[in-house]
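A closer look at the structure
The lines below spell out each chain.
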Amino acid sequence: MAGRINDDDVKAVRDAVPIDSVVSEYLQLRSAGGGNLKGLCPFHDEKSPSFQVSPGKGLFHCFGCQEGGDTIAFVMKIDHLSFSETVERLAAKAGITLRYEEGGYNPSHQRGERIRLIEAHQAAADFYVRALESPEAEIGRKFLAERGFDQDAATHFRVGYSPAGWDHLTRYLRGKGFSDKELITSGLSQDGRRGPIDRFRGRLMWPISDTAGEIVGFGARKLRDDDNGPKYLNTPETPIYKKSQVLYGIDLAKKDIAKASRAVVVEGYTDVMACHLAGVTTAIATCGTAFGNDHIKILRRLLMDNGSARVIFTFDGDSAGQKAALRAFEDDQKFAAETYIAIAPDNMDPCDLRLAKGDDAVRDLVEPRTPLFEFALRQIVGRYDLETPAGRAAALDEAAAVVAKIKTSSVQREVAVQLAGFVGILDQEFVVRRVAQLARWARDKGGDGRGDPRGGRGPGGPQDRRGGTPQQPVHTPAAPSGPALNLRSPAHRTERELLKLALQKPALVSPAFDAYGADEFTAPPYAAVRQCIAEAGGAERGLGDNREYLVAVMDAAPNNTVRSLVTELAVEVFMGRTIDETYAGMQLVHVRLRAVDRRIGEVQGSLARLGSNVAPDDLAAAQNEVWVLQQYAQSLRAKGADAL
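Sequence order as written defines the numbering, with residues in each chain counted from 1. Selection of residues for local features in this predicted model requires a pLDDT of at least 70, selection of side-chain atom pairs for listing and counting requires 80 or more, and totals for whole chains, interfaces and linings are taken over all residues. Excluding hydrogens and water, the side-chain figures rest on all heavy atoms present in the structure.

Here we look at the packing of helix H24 (residues 581-610) against helix H25 (residues 616-639)
Basically, it comes down to this: Note on method: axes are straight lines fitted to C-alpha atoms, helices fitted across the in-contact stretch only, with angles between N-to-C directions ranging 0 to 180 degrees. Strands are runs of DSSP state E lasting at least two residues, helices are runs of H or I lasting at least four, and both sets are numbered from the N terminus onward. Each angle receives one of four descriptions, namely roughly parallel if under 35 degrees, roughly antiparallel if over 145, roughly perpendicular if within 65 to 115, and oblique otherwise. Each helix crossing is assigned a hand: it is left-handed if the near helix lies turned anticlockwise from the far helix by less than a right angle, otherwise right-handed if that turn is clockwise. Throughout, a contact is declared for two residues whenever any of their heavy atoms are within 4.5 Å. Polar here means any residue outside two lists: the nonpolar Ala, Val, Leu, Ile, Met, Phe, Trp, Tyr, Cys and Pro, and the charged Asp, Glu, Lys and Arg; Gly therefore counts as polar.
Running from N to C, H24 and H25 point in directions that differ by 155°, and their axes come no closer than 10 Å. Between H24 and H25, the angle falls in the class roughly antiparallel. Of the two possible hands of crossing, H24 and H25 adopt the one that is left-handed. Where H24 approaches H25, its residues Val-589, Arg-592, Leu-593, Val-596, Asp-597, Arg-599, Ile-600, Val-603, Gln-604 and Leu-607 are matched on the opposing element by Leu-619, Ala-622, Glu-625, Val-626, Leu-629, Gln-630, Tyr-632, Ala-633, Leu-636 and Arg-637. Looking at the contact of H24 with H25, its residues break down into 13 nonpolar, two polar and five charged.

Structure (structure tokens):
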């Protein structure tokens, strides 16, 4: 079995893959000032971005949930990989060949499971693409042509064909070195009477990629009448494929979604193709499941939930499409983006619309028209006879219960007023009160409506450690024992600034900082970070390779809580405007001066408590220590950093 990866190779991988390029595969990043970038945290729900990336230091940190670390830690966390799997994946991205301590290079069969499954899907996609050119696949090419997709379109979307035989792909992948167990685990093969057989046979194949662009599954469309399977057959749930967590086309659309702050949600693979070819390059689709919470999380990270963000759903006008719209409305408030619904004339989907009326019609379709909440409420109200008092009352009861789930009171009131118009009730305040009453009942029952609806660290949410009253985030592990950090305390503010300087700009505080003891930091969490810096070789080590230095400090952390604080301090902006030697000297002096004053107070307090019980020699020694400390304090106040 292969040994641990060579440390120099791990460092090479860490240095070769910029953290901002990796993180931006999963969420939209914008400037946060000071060379840092910010975005919505992928590890917890929030409406206001508290997730920061420091490209220069190769670190990330979320001030909301306290997750932090380097590029390797980010990929491990977000894709649930082991350390070795992550390094292997990033090494492949950077073109670095890894060495292993026990000798030799890593044989392919010894690589991590996720990487092996990804490689199997990549090989399968190549196999399917080539198979689409075969005579047998004529039926597949005809299917595409009839829907307006030529060979260039098929190539762009990597559409392929699975041969109709029992085990064409299985034999091909075996020849590539994949084991039967890997093929079954991947979902590409399934158990047959005499061993594994192909899961997909005689079908048109669409590769489904994750946000990072790696193929994790397939969608297969049947082509022949003698195929007794479902119209669409997707990869089953596997270690790398969870249908509730993937969006078809997200790898192609993510950059334009982030750039335009707009996403178009369609219902099928061919609809995504039609939209993209018509110029709507923000189109994505779910894969055999309803649009749900995990899909929302993916889009929110790309949209950044800014005020101009738009999500447009295109559902069929039939009953199934209406149900899909209502389900989407249930989740609507989880977006800060405005949501709309677009239904094509004659209930055509985007693919049919493009065939019938061209690209312009598709582009026109997805221009925001009807707010989703309006469509959903009209669907509910439309089921009742509004000409009768009983019909209006019944419509109000059902629709008001839906509006009551809107957590933001101002939005809830606005929608309630519009609901009164939909139902035909002139007394708008009656409807507003009815909705508010239902919302209160839900809160009293412990249901919808509890807590801060905004999540994250927006106004009214938990403050970060840079100001205000600190609150413990939901998933934050307990801090080291001792007084809580309080940035209203001048001592804590200064200690924090000094540690940030030692981590981010060690040249400004070295070598003086390395003479400071952990006991000079009054907050136990800060003392723990100071100890980590000491164990990593001191701030002087940061004068060389700053990234290597920060990694060493994190490695010295005794637990995740301290490690998280290290990354937080390593990316947090400074309080001062000009960060230079003068500013650094002030922090050094203030921390030392407070430590000296504390020591003077401790000695004098001990003498006062002991009174006349102090031995003459001890008294003389204590008085001498106080005198020396007082002289040192006076020098610090007069000369500043020159007295250190």
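Still more ground to cover, so stick around.
As for the sheet that holds strand S11 (residues 232-234)
Our working definition: Paired strands, as defined in this entry, are two strands with at least two bridges between them according to DSSP.
With antiparallel pairing, four strands are arranged side by side in an open sheet as S6-S9-S10-S11. The outermost strands of the open sheet, each flanked by one partner alone, are strand S6 (160-162) and S11. Adjacent strand axes in the sheet meet at a mean angle of 35° when their direction is disregarded. Both strand S9 (residues 203-209) and strand S10 (residues 215-222) contribute to a ladder of seven bridges, which runs antiparallel. The residue bridging Ile-208 from the neighbouring strand is Gly-217, located in S10. The strands that helix H5 (residues 113-131) touches are S6, S9 and S10; relative to S10, the one it contacts most, it runs at about 35°. Packed on one face of the sheet, helix H6 (residues 138-146) meets S9 and S10 and runs near 70° to S9.

Examining unusual backbone geometry
For clarity, the threshold we go by: We call a residue buried when its accessible area falls under 20% of the maximum for its residue type, exposed when it is over 50%, and partly exposed in between, using a 1.4 Å probe and counting protein chains only.
For the bond from Ser-510 to Pro-511, the omega torsion is 10°, close enough to zero to count as cis. Not every positive phi belongs to a glycine, and Gln-66 is a case in point at roughly 75°. Note that Gln-66 resides in the loop between strand S4 (59-62) and strand S5 (68-70). Despite not being glycine, Arg-158 has its phi angle at roughly 55°, a positive value. Relative to the elements of secondary structure, Arg-158 occurs in the loop between helix H7 (151-156) and S6. A residue is classified by how much of its surface remains accessible, and Arg-158, at 28% relative accessible area, is partly exposed.

Points about the environment of Arg-440
Among the secondary structure elements, Arg-440 is positioned in helix H19 (residues 428-444). Classification of Arg-440 by relative accessible area gives partly exposed; the value is 43%. Through-space distance from the C-alpha of Arg-440 to that of Ala-404 is 8.6 Å; in sequence the pair is 36 residues apart.

Describing the packing of aromatic side chains
Any pair of aromatic rings gets described here by the distance separating the centres and the angle formed by the planes. What counts is decided by this rule: Any two rings among Phe, Tyr and Trp, with Trp reduced to its six-membered ring, count as a pair given centres within 6.5 Å; such a pair is stacked if its planes are under 30 degrees apart, edge-to-face if over 60, and tilted if neither.
Counted under the stated rule, the structure contains 16 aromatic pairs. Centre to centre, the rings of Trp-206 and Tyr-269 are 5.4 Å apart; their planes meet at 20°, and the pair counts as stacked. Here the residue Trp-206 occupies a position in strand S9, and Tyr-269 occupies one in helix H11 (residues 269-277), the gap between them amounting to 63 residues. Ring centres 6.4 Å apart and planes at 65° place the aromatic pair Phe-513 and Phe-521 in the edge-to-face group. Classification of Phe-513 as buried rests on a relative accessible area of 0%.

Examining helix H23 (residues 560-571)
We apply this condition: One less than the number of residues in a helix, times 1.5 Å, gives the span that helix is expected to have. Between N or O atoms, a polar contact is any pair within 3.5 Å; within protein, one atom must be a potential hydrogen donor and the other a potential acceptor, and residues adjacent in sequence are included only when both atoms are from side chains.
For H23, built from 12 residues, the straight-helix expectation of 16 Å at 1.5 Å per residue is met to within 8% by its first-to-last C-alpha distance of 17 Å. With 10 of 12 residues buried, H23 is to be regarded as a mostly interior element. Of the positions making up H23, those classed as buried are Thr-561, Val-562, Ser-564, Leu-565, Val-566, Thr-567, Glu-568, Leu-569, Ala-570 and Val-571. If you check the start of H23, you find a side-chain oxygen 3.1 Å away from the backbone N of Thr-561, and it comes from Asn-559.

With respect to the side chain of Thr-86
Structurally, Thr-86 is set in helix H4 (residues 83-94). Once residues within four sequence positions are removed from consideration, Thr-86 is found in contact with Ile-72, Val-75, Met-76 and Leu-81.

Quick look at the sheet that holds S4
Neighbouring strands of a sheet are bound in pairs by backbone hydrogen bonds; such pairs are parallel or else antiparallel. Spatial strand order, S1-S2-S3-S4-S5: five strands in an open sheet with antiparallel pairing. Of all the strands in the sheet, just strand S1 (30-33) and S5 have a single pairing partner and so form its edges. Put simply, the sheet's adjacent strands are angled 25° from each other on average, direction ignored. Across three bridges, the pairing between S1 and strand S2 (residues 36-39) is antiparallel. In the strand pairing of S2, Arg-30 is matched with Lys-38. Across the sheet, helix H3 (residues 71-79) lies against strand S3 (51-54), S4 and S5, angled at about 120° from S5, the strand it touches most.

Some remarks on the confidence of the model for the chain
Heads up, the condition is: Confidence of the predictor at the level of single residues is captured by pLDDT, which takes values from 0 to 100.
When pLDDT is averaged along the chain, the result is 84, and 87% of the positions lie at 70 or above. In the predicted structure, residues 447-484 sits below a pLDDT of 50 and forms 72 contacts with residues beyond four places in sequence or in another chain.

Structural notes on the side chain of Ser-186
Structurally, Ser-186 can be placed in helix H9 (residues 180-186). Within the local environment of Ser-186, its side chain forms a polar contact with the backbone oxygen of Leu-183, the two atoms lying 2.8 Å apart. Filtering out sequence-adjacent residues up to four positions away, Ser-186 remains in contact with Leu-117, His-121, Thr-235 and Thr-238.

A look at the pairing of S10
Looking down a regular strand, the side chains alternate between one sheet face and the other. Burial runs high along S10: seven of the eight residues are buried. Counting the residues between successive antiparallel strands, the hairpin from S9 to S10 contains five residues, one of them, Gly-213, with a positive phi of roughly 90°. As defined by bridge partners, S10 adjoins S11 across three bridges and the pair is classed as antiparallel. Considered in S11, the bridge of Arg-221 is made with Tyr-232.

Re the environment of Lys-181
Relative to the helices and strands, Lys-181 is located in helix H9. Relative accessible area serves as the criterion here: at 66%, Lys-181 is assigned to the exposed category. Separated by 15 residues in the primary sequence, Lys-181 and Pro-196 have C-alpha atoms spaced 9.0 Å apart.

With respect to the pairing of S4
The alternating pattern of S4 places Leu-59 and His-61 on one face and Phe-60 and Cys-62 on the opposite face, and all of these are buried. As paired strands, S3 and S4 are joined by four bridges and run antiparallel to one another. Along S4, the bridge assignment pairs Gln-52 with His-61. Between S3 and the antiparallel strand that follows it, S4, lie four residues; Gly-58 among them carries a positive phi value of about 70°. Note that S4 and S5 share three bridges and pair antiparallel. Residue pairing across strands places Phe-60 opposite Gly-69, the latter belonging to S5. Hairpin geometry of S4 and S5 is characterised by an intervening segment of five residues between the two adjacent antiparallel strands and by a positive phi of about 75° at Gln-66.

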